[in-house]
Amino acid sequence: MSYIEIEALKRLKSANLILIITPILIAIGIIAGVFGIVSLTAGGSAFGSPLPASSVVVASVTTLVLIGVLPLVGIILGLIAILKLRGGFKDLKSVFPEAGIGASGGLLLLIGYIVFILFPLGIILAILTNNPGLLILQSVGLGLGGIIYFLGEILTAIGFYRVGNRYNESLVSIGGILTIFLPFIGYILNFIGLGKIINRLSMGQQPYSPQPYQQSTFQPSGMPYSQPQPMSPQAPLPIYQTGPFAVLRPDGSMTFQVYSSQPAQLVSARIEDTGNTTTTITPNFIPPNQITNVTVNFGSIQIVPGRQYRIIVTAVINNSSIQFPVYANS
(Lines give C-alpha, C1' and ligand atoms only; values in the text may rest on other atoms or scores of the structure.)
Protein backbone atom coordinates (compact mmCIF):
# COMPACT_ATOMS: atom_id res chain seq x y z
CA MET A 1 0.00 0.00 0.00
CA SER A 2 1.12 3.55 -0.65
CA TYR A 3 1.89 5.97 2.16
CA ILE A 4 -0.92 8.26 0.94
CA GLU A 5 -3.44 5.42 1.15
CA ILE A 6 -2.56 4.50 4.74
CA GLU A 7 -2.54 8.14 5.88
CA ALA A 8 -5.92 8.74 4.22
CA LEU A 9 -7.42 5.78 6.09
CA LYS A 10 -5.93 7.10 9.35
CA ARG A 11 -7.56 10.49 8.76
CA LEU A 12 -10.92 8.82 8.18
CA LYS A 13 -10.47 6.80 11.36
CA SER A 14 -9.62 9.86 13.47
CA ALA A 15 -12.58 11.73 11.94
CA ASN A 16 -14.93 8.98 13.06
CA LEU A 17 -13.42 9.02 16.55
CA ILE A 18 -14.03 12.77 16.83
CA LEU A 19 -17.59 12.34 15.56
CA ILE A 20 -18.13 9.79 18.34
CA ILE A 21 -16.76 12.13 21.02
CA THR A 22 -18.50 15.32 19.81
CA PRO A 23 -22.14 14.44 20.70
CA ILE A 24 -21.00 13.02 24.04
CA LEU A 25 -19.32 16.31 24.98
CA ILE A 26 -22.34 18.35 23.91
CA ALA A 27 -24.73 16.04 25.80
CA ILE A 28 -22.60 16.16 28.98
CA GLY A 29 -22.44 19.94 28.81
CA ILE A 30 -26.19 20.35 28.36
CA ILE A 31 -27.26 17.78 30.97
CA ALA A 32 -24.75 18.88 33.61
CA GLY A 33 -25.51 22.53 32.88
CA VAL A 34 -29.25 22.03 33.27
CA PHE A 35 -28.71 20.12 36.51
CA GLY A 36 -26.49 22.95 37.79
CA ILE A 37 -29.09 25.58 36.94
CA VAL A 38 -31.81 23.62 38.74
CA SER A 39 -29.56 23.27 41.80
CA LEU A 40 -28.67 26.97 41.83
CA THR A 41 -32.30 27.98 41.38
CA ALA A 42 -33.22 25.87 44.39
CA GLY A 43 -30.43 27.59 46.35
CA GLY A 44 -28.58 24.33 46.82
CA SER A 45 -31.50 22.69 48.61
CA ALA A 46 -31.24 19.84 46.15
CA PHE A 47 -28.17 18.81 48.14
CA GLY A 48 -30.01 18.83 51.48
CA SER A 49 -29.11 22.30 52.72
CA PRO A 50 -28.44 25.75 51.23
CA LEU A 51 -24.95 26.21 49.80
CA PRO A 52 -22.58 28.90 51.14
CA ALA A 53 -22.08 31.99 48.96
CA SER A 54 -18.59 30.87 47.87
CA SER A 55 -19.94 27.49 46.83
CA VAL A 56 -22.72 29.16 44.88
CA VAL A 57 -20.14 31.22 42.96
CA VAL A 58 -18.08 28.11 42.19
CA ALA A 59 -21.20 26.22 41.13
CA SER A 60 -22.29 29.14 38.93
CA VAL A 61 -18.93 29.30 37.16
CA THR A 62 -18.89 25.52 36.73
CA THR A 63 -22.39 25.58 35.29
CA LEU A 64 -21.48 28.33 32.82
CA VAL A 65 -18.40 26.36 31.76
CA LEU A 66 -20.42 23.19 31.26
CA ILE A 67 -23.18 24.95 29.35
CA GLY A 68 -20.89 27.12 27.22
CA VAL A 69 -17.45 25.57 26.91
CA LEU A 70 -18.19 21.86 26.46
CA PRO A 71 -20.77 22.34 23.68
CA LEU A 72 -18.45 24.90 22.05
CA VAL A 73 -15.57 22.41 22.17
CA GLY A 74 -17.91 19.82 20.69
CA ILE A 75 -18.86 22.15 17.84
CA ILE A 76 -15.20 22.92 17.07
CA LEU A 77 -14.31 19.22 17.16
CA GLY A 78 -17.20 18.51 14.80
CA LEU A 79 -15.79 21.02 12.33
CA ILE A 80 -12.32 19.42 12.61
CA ALA A 81 -13.85 15.98 12.04
CA ILE A 82 -15.58 17.10 8.84
CA LEU A 83 -12.34 18.61 7.51
CA LYS A 84 -10.48 15.37 8.30
CA LEU A 85 -13.27 13.36 6.68
CA ARG A 86 -13.13 15.36 3.47
CA GLY A 87 -9.31 15.33 3.40
CA GLY A 88 -9.19 11.57 3.93
CA PHE A 89 -11.58 10.88 1.06
CA LYS A 90 -9.71 13.34 -1.21
CA ASP A 91 -6.42 11.55 -0.59
CA LEU A 92 -8.04 8.15 -1.02
CA LYS A 93 -9.46 9.31 -4.35
CA SER A 94 -5.92 9.25 -5.80
CA VAL A 95 -5.81 5.50 -5.10
CA PHE A 96 -9.30 4.61 -6.26
CA PRO A 97 -11.53 7.28 -7.86
CA GLU A 98 -14.74 5.81 -6.41
CA ALA A 99 -13.82 7.36 -3.05
CA GLY A 100 -14.30 10.82 -4.57
CA ILE A 101 -18.00 10.74 -3.70
CA GLY A 102 -17.00 10.83 -0.03
CA ALA A 103 -14.97 14.02 -0.62
CA SER A 104 -17.99 15.63 -2.30
CA GLY A 105 -20.10 14.60 0.65
CA GLY A 106 -17.54 16.11 3.02
CA LEU A 107 -17.85 19.45 1.22
CA LEU A 108 -21.64 19.42 1.60
CA LEU A 109 -21.26 18.49 5.27
CA LEU A 110 -18.92 21.44 5.76
CA ILE A 111 -21.35 23.90 4.12
CA GLY A 112 -24.31 22.54 6.06
CA TYR A 113 -22.40 22.56 9.34
CA ILE A 114 -21.34 26.19 8.95
CA VAL A 115 -24.93 27.16 8.14
CA PHE A 116 -26.08 25.34 11.30
CA ILE A 117 -23.62 27.40 13.34
CA LEU A 118 -24.29 30.82 11.79
CA PHE A 119 -28.02 30.91 11.04
CA PRO A 120 -29.24 30.28 14.62
CA LEU A 121 -27.32 33.42 15.59
CA GLY A 122 -29.27 35.26 12.91
CA ILE A 123 -32.53 33.89 14.30
CA ILE A 124 -31.63 35.15 17.79
CA LEU A 125 -30.81 38.57 16.30
CA ALA A 126 -34.14 38.63 14.43
CA ILE A 127 -36.02 37.87 17.65
CA LEU A 128 -34.14 40.52 19.63
CA THR A 129 -34.73 43.17 16.94
CA ASN A 130 -38.33 42.03 16.36
CA ASN A 131 -37.71 41.67 12.63
CA PRO A 132 -40.15 39.10 11.13
CA GLY A 133 -38.59 39.27 7.67
CA LEU A 134 -35.13 38.49 8.97
CA LEU A 135 -36.57 35.70 11.11
CA ILE A 136 -38.22 34.07 8.09
CA LEU A 137 -35.04 34.45 6.01
CA GLN A 138 -32.89 32.90 8.72
CA SER A 139 -35.35 30.03 9.24
CA VAL A 140 -35.39 29.23 5.51
CA GLY A 141 -31.59 29.34 5.43
CA LEU A 142 -31.41 27.00 8.39
CA GLY A 143 -33.75 24.58 6.61
CA LEU A 144 -31.61 24.67 3.47
CA GLY A 145 -28.54 24.04 5.61
CA GLY A 146 -30.23 20.96 7.04
CA ILE A 147 -30.98 19.63 3.55
CA ILE A 148 -27.40 20.27 2.40
CA TYR A 149 -26.01 18.53 5.49
CA PHE A 150 -28.28 15.51 4.99
CA LEU A 151 -27.18 15.18 1.35
CA GLY A 152 -23.59 15.28 2.59
CA GLU A 153 -24.38 12.48 5.04
CA ILE A 154 -25.71 10.34 2.18
CA LEU A 155 -22.66 10.91 -0.04
CA THR A 156 -20.16 10.22 2.74
CA ALA A 157 -22.14 7.11 3.69
CA ILE A 158 -21.75 5.88 0.11
CA GLY A 159 -18.05 6.72 0.32
CA PHE A 160 -17.60 4.61 3.47
CA TYR A 161 -19.62 1.80 1.89
CA ARG A 162 -17.24 1.76 -1.09
CA VAL A 163 -14.20 1.83 1.19
CA GLY A 164 -15.59 -1.19 3.03
CA ASN A 165 -16.16 -3.04 -0.25
CA ARG A 166 -12.67 -2.26 -1.56
CA TYR A 167 -10.90 -3.49 1.55
CA ASN A 168 -13.26 -6.40 2.25
CA GLU A 169 -14.29 -4.95 5.61
CA SER A 170 -18.01 -5.37 6.26
CA LEU A 171 -17.93 -3.22 9.42
CA VAL A 172 -17.11 -0.14 7.34
CA SER A 173 -19.71 -1.01 4.69
CA ILE A 174 -22.43 -1.45 7.33
CA GLY A 175 -21.21 1.52 9.36
CA GLY A 176 -21.30 3.73 6.27
CA ILE A 177 -24.98 3.02 5.68
CA LEU A 178 -25.82 3.40 9.39
CA THR A 179 -24.31 6.90 9.47
CA ILE A 180 -27.45 8.05 7.61
CA PHE A 181 -29.97 6.66 10.10
CA LEU A 182 -27.96 5.95 13.29
CA PRO A 183 -24.85 8.15 12.97
CA PHE A 184 -23.39 7.41 16.42
CA ILE A 185 -23.45 3.64 15.88
CA GLY A 186 -22.26 4.03 12.29
CA TYR A 187 -19.22 6.06 13.37
CA ILE A 188 -18.33 3.44 15.98
CA LEU A 189 -18.46 0.65 13.37
CA ASN A 190 -16.42 2.76 10.93
CA PHE A 191 -13.80 3.48 13.60
CA ILE A 192 -13.40 -0.22 14.44
CA GLY A 193 -13.44 -1.36 10.81
CA LEU A 194 -10.94 1.26 9.62
CA GLY A 195 -8.64 0.27 12.49
CA LYS A 196 -8.72 -3.34 11.30
CA ILE A 197 -7.90 -2.28 7.73
CA ILE A 198 -4.98 -0.10 8.87
CA ASN A 199 -3.63 -2.93 11.04
CA ARG A 200 -3.67 -5.33 8.10
CA LEU A 201 -1.88 -2.79 5.92
CA SER A 202 0.72 -2.12 8.61
CA MET A 203 1.44 -5.85 8.83
CA GLY A 204 2.11 -5.92 5.10
CA GLN A 205 -1.03 -7.85 4.22
CA GLN A 206 -2.89 -7.17 1.01
CA PRO A 207 -6.43 -6.37 2.17
CA TYR A 208 -8.00 -6.73 -1.26
CA SER A 209 -7.34 -8.71 -4.37
CA PRO A 210 -5.75 -6.80 -7.26
CA GLN A 211 -8.39 -5.60 -9.66
CA PRO A 212 -9.17 -8.02 -12.45
CA TYR A 213 -7.74 -7.57 -15.88
CA GLN A 214 -9.43 -8.50 -19.11
CA GLN A 215 -7.11 -9.46 -21.97
CA SER A 216 -7.10 -7.00 -24.84
CA THR A 217 -5.48 -7.11 -28.24
CA PHE A 218 -3.06 -4.48 -29.47
CA GLN A 219 -4.53 -1.88 -31.78
CA PRO A 220 -2.32 -0.06 -34.31
CA SER A 221 -1.87 3.68 -33.82
CA GLY A 222 -4.91 5.61 -34.99
CA MET A 223 -7.34 2.72 -34.37
CA PRO A 224 -9.88 2.88 -31.54
CA TYR A 225 -8.60 1.36 -28.35
CA SER A 226 -10.68 0.12 -25.45
CA GLN A 227 -9.22 0.35 -21.96
CA PRO A 228 -8.42 -2.96 -20.30
CA GLN A 229 -10.85 -3.85 -17.54
CA PRO A 230 -9.33 -5.05 -14.30
CA MET A 231 -9.81 -9.26 -12.81
CA SER A 232 -8.72 -10.82 -9.69
CA PRO A 233 -6.28 -13.72 -9.47
CA GLN A 234 -7.20 -16.76 -7.44
CA ALA A 235 -4.93 -15.77 -4.52
CA PRO A 236 -3.21 -12.55 -3.45
CA LEU A 237 0.35 -12.26 -4.73
CA PRO A 238 3.25 -11.71 -2.29
CA ILE A 239 4.43 -8.83 -4.49
CA TYR A 240 2.25 -6.23 -6.21
CA GLN A 241 2.04 -2.66 -7.49
CA THR A 242 0.85 -0.02 -5.03
CA GLY A 243 -0.35 3.56 -5.31
CA PRO A 244 -1.71 5.17 -8.50
CA PHE A 245 -1.01 3.92 -12.01
CA ALA A 246 2.49 4.44 -13.36
CA VAL A 247 3.26 6.64 -16.38
CA LEU A 248 4.92 5.10 -19.43
CA ARG A 249 6.94 7.83 -21.14
CA PRO A 250 7.90 8.10 -24.83
CA ASP A 251 11.57 7.53 -23.93
CA GLY A 252 10.60 4.08 -22.63
CA SER A 253 11.08 4.82 -18.94
CA MET A 254 8.49 4.07 -16.28
CA THR A 255 8.50 4.48 -12.51
CA PHE A 256 6.10 2.65 -10.22
CA GLN A 257 5.72 1.63 -6.58
CA VAL A 258 5.94 -1.99 -5.51
CA TYR A 259 5.36 -3.78 -2.22
CA SER A 260 6.56 -7.26 -1.33
CA SER A 261 5.91 -9.26 1.81
CA GLN A 262 9.18 -11.18 1.19
CA PRO A 263 12.61 -10.34 -0.25
CA ALA A 264 12.29 -10.30 -4.04
CA GLN A 265 14.48 -9.80 -7.11
CA LEU A 266 13.02 -8.24 -10.25
CA VAL A 267 14.51 -9.88 -13.32
CA SER A 268 12.51 -8.63 -16.32
CA ALA A 269 9.55 -6.59 -17.52
CA ARG A 270 7.41 -6.98 -20.63
CA ILE A 271 4.80 -4.64 -22.12
CA GLU A 272 1.88 -6.87 -22.93
CA ASP A 273 0.74 -6.99 -26.59
CA THR A 274 3.81 -5.09 -27.86
CA GLY A 275 6.71 -7.50 -27.44
CA ASN A 276 8.88 -4.86 -25.73
CA THR A 277 10.97 -6.50 -23.01
CA THR A 278 13.74 -5.25 -20.75
CA THR A 279 15.96 -6.33 -17.90
CA THR A 280 16.98 -2.76 -17.05
CA ILE A 281 15.31 -2.41 -13.67
CA THR A 282 16.53 -0.15 -10.87
CA PRO A 283 16.62 -1.24 -8.12
CA ASN A 284 16.17 -4.89 -8.92
CA PHE A 285 16.17 -6.02 -5.28
CA ILE A 286 12.98 -5.34 -3.28
CA PRO A 287 13.29 -5.48 0.52
CA PRO A 288 10.32 -6.96 2.38
CA ASN A 289 7.50 -5.06 4.09
CA GLN A 290 8.15 -1.64 2.64
CA ILE A 291 7.18 0.37 -0.43
CA THR A 292 9.93 0.68 -3.05
CA ASN A 293 10.09 3.03 -6.05
CA VAL A 294 11.21 1.09 -9.12
CA THR A 295 12.30 2.48 -12.49
CA VAL A 296 12.13 0.36 -15.64
CA ASN A 297 13.64 1.41 -18.97
CA PHE A 298 12.47 -0.19 -22.23
CA GLY A 299 14.54 2.14 -24.44
CA SER A 300 13.01 4.02 -27.35
CA ILE A 301 9.51 2.62 -28.02
CA GLN A 302 6.33 3.69 -29.79
CA ILE A 303 3.40 4.28 -27.48
CA VAL A 304 -0.19 5.32 -28.11
CA PRO A 305 -1.04 8.54 -26.23
CA GLY A 306 -3.87 8.15 -23.75
CA ARG A 307 -3.66 4.36 -23.71
CA GLN A 308 -3.44 2.20 -20.63
CA TYR A 309 -0.70 -0.45 -20.73
CA ARG A 310 -0.27 -3.61 -18.74
CA ILE A 311 3.33 -4.52 -17.94
CA ILE A 312 4.16 -8.02 -16.74
CA VAL A 313 7.05 -7.98 -14.28
CA THR A 314 8.86 -11.19 -13.40
CA ALA A 315 10.21 -11.52 -9.86
CA VAL A 316 12.07 -14.28 -8.04
CA ILE A 317 10.92 -15.00 -4.48
CA ASN A 318 12.25 -17.99 -2.52
CA ASN A 319 13.77 -19.42 -5.74
CA SER A 320 10.35 -19.33 -7.39
CA SER A 321 9.44 -17.18 -10.37
CA ILE A 322 6.34 -15.01 -9.95
CA GLN A 323 4.77 -12.66 -12.47
CA PHE A 324 2.67 -9.69 -11.37
CA PRO A 325 0.99 -6.90 -13.38
CA VAL A 326 1.87 -3.21 -13.34
CA TYR A 327 -0.61 -0.77 -14.89
CA ALA A 328 0.63 2.39 -16.59
CA ASN A 329 -0.94 5.22 -18.58
CA SER A 330 0.83 6.84 -21.53
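Residues numbered from 1 in each chain as written. Predicted model: local features only at pLDDT ≥ 70, side-chain atom pairs only at ≥ 80, totals over all residues. Heavy atoms only, no water.

A. Region of interest: the overall build of the protein. A tally of helices and strands in the protein yields six helices and nine strands. Taking all 330 residues of the protein together, the buried fraction comes to 40%. Here the contacts in the protein between residues at least 6 apart in sequence split such that 64% fall between residues at least 24 apart. Summed over its atoms, the accessible surface of the protein is roughly 16800 Å², and 67% of this surface lies on carbon and sulfur atoms. (Helix = DSSP H or I, 4+ residues; strand = E, 2+ residues; numbered from the N terminus. Buried < 20%, exposed > 50% of the residue type's maximum accessible area, 1.4 Å probe, protein only. Contact = heavy atoms within 4.5 Å. Areas by Shrake-Rupley, 256 points an atom, 1.4 Å probe, with all protein chains shown as cover.)

B. Geometry of the nonpolar core. Residues Ile239, Met254, Phe256, Leu266 and Ile311 are the most contacted members of the largest nonpolar core, which totals 26 residues. For this core, the secondary structure elements donating two or more residues are strand 1 (239–248), strand 2 (253–260), strand 3 (264–271), strand 7 (291–297), strand 8 (308–317) and strand 9 (320–329). Those residues in contact with Leu266 that sit more than four places away from it in its chain are Ile239, Ile281, Pro283, Asn284, Ile286, Val294, Val313, Thr314, Ala315 and Phe324. Listed in part, the 24 residues of the second largest apolar core include Leu9, Leu92, Tyr167 and Leu194. (Core = buried A, V, L, I, M, F, W, Y, C linked by side-chain atoms within 4.5 Å.)

C. Up close: the pattern of salt bridges. Throughout the structure, instances matching the rule amount to four salt bridges. Taking the shortest distance from any N to any O, the salt bridge between Glu7 and Lys10 comes out at 3.7 Å. Of the two residues, Glu7 and Lys10 both sit in helix 1 (residues 3–41), three residues apart, roughly one turn of that helix. Taking the shortest distance from any N to any O, the salt bridge between Asp91 and Arg11 comes out at 3.0 Å. In this pair, Asp91 sits in helix 2 (residues 53–93) while Arg11 sits in helix 1, placing the two residues 80 residues apart along the sequence. Among the residues examined, Asp91 registers a relative accessible area of 26% and is labelled partly exposed. (Salt bridge = Lys/Arg side-chain N within 4 Å of Asp/Glu carboxyl O.)

D. Summary view of the environment of Ile28. Topologically, Ile28 is positioned in helix 1. For the pair Ile28 and Leu70, spaced 42 residues apart in sequence, the C-alpha to C-alpha distance is 7.6 Å.

E. Looking closely at the packing of aromatic side chains. Applying the stated criterion to the full structure yields three aromatic pairs. Considering the side-chain rings of Tyr113 and Tyr149, the 6.5 Å spacing of their centres and the 35 degrees angle between planes classify their relative orientation as tilted. With Tyr113 in helix 3 (residues 100–128) and Tyr149 in helix 4 (residues 132–166), this pair connects stretches of sequence that are 36 residues apart. A relative accessible area of 13% means that Tyr113 is categorised as buried. Above the face of the Tyr167 ring, Arg166 is positioned so that its terminal group lies 5.6 Å from the ring centre. (Phe/Tyr/Trp six-rings, centres within 6.5 Å; stacked < 30°, edge-to-face > 60°. Lys NZ or Arg CZ within 6 Å of the ring centre and 35° of its normal.)

F. Fine view of the pairing of strand 3. By the bridge criterion, two bridges tie strand 3 to strand 6 (residues 285–286) in an arrangement that is antiparallel. By the bridge assignment for strand 6, Ala264 is matched with Ile286. Examined bridge by bridge, strand 3 and strand 8 share six bridges and lie antiparallel to one another. Bridging from a neighbouring strand, Ser268 pairs with Thr314 of strand 8. (Pairing = 2+ DSSP bridges.)

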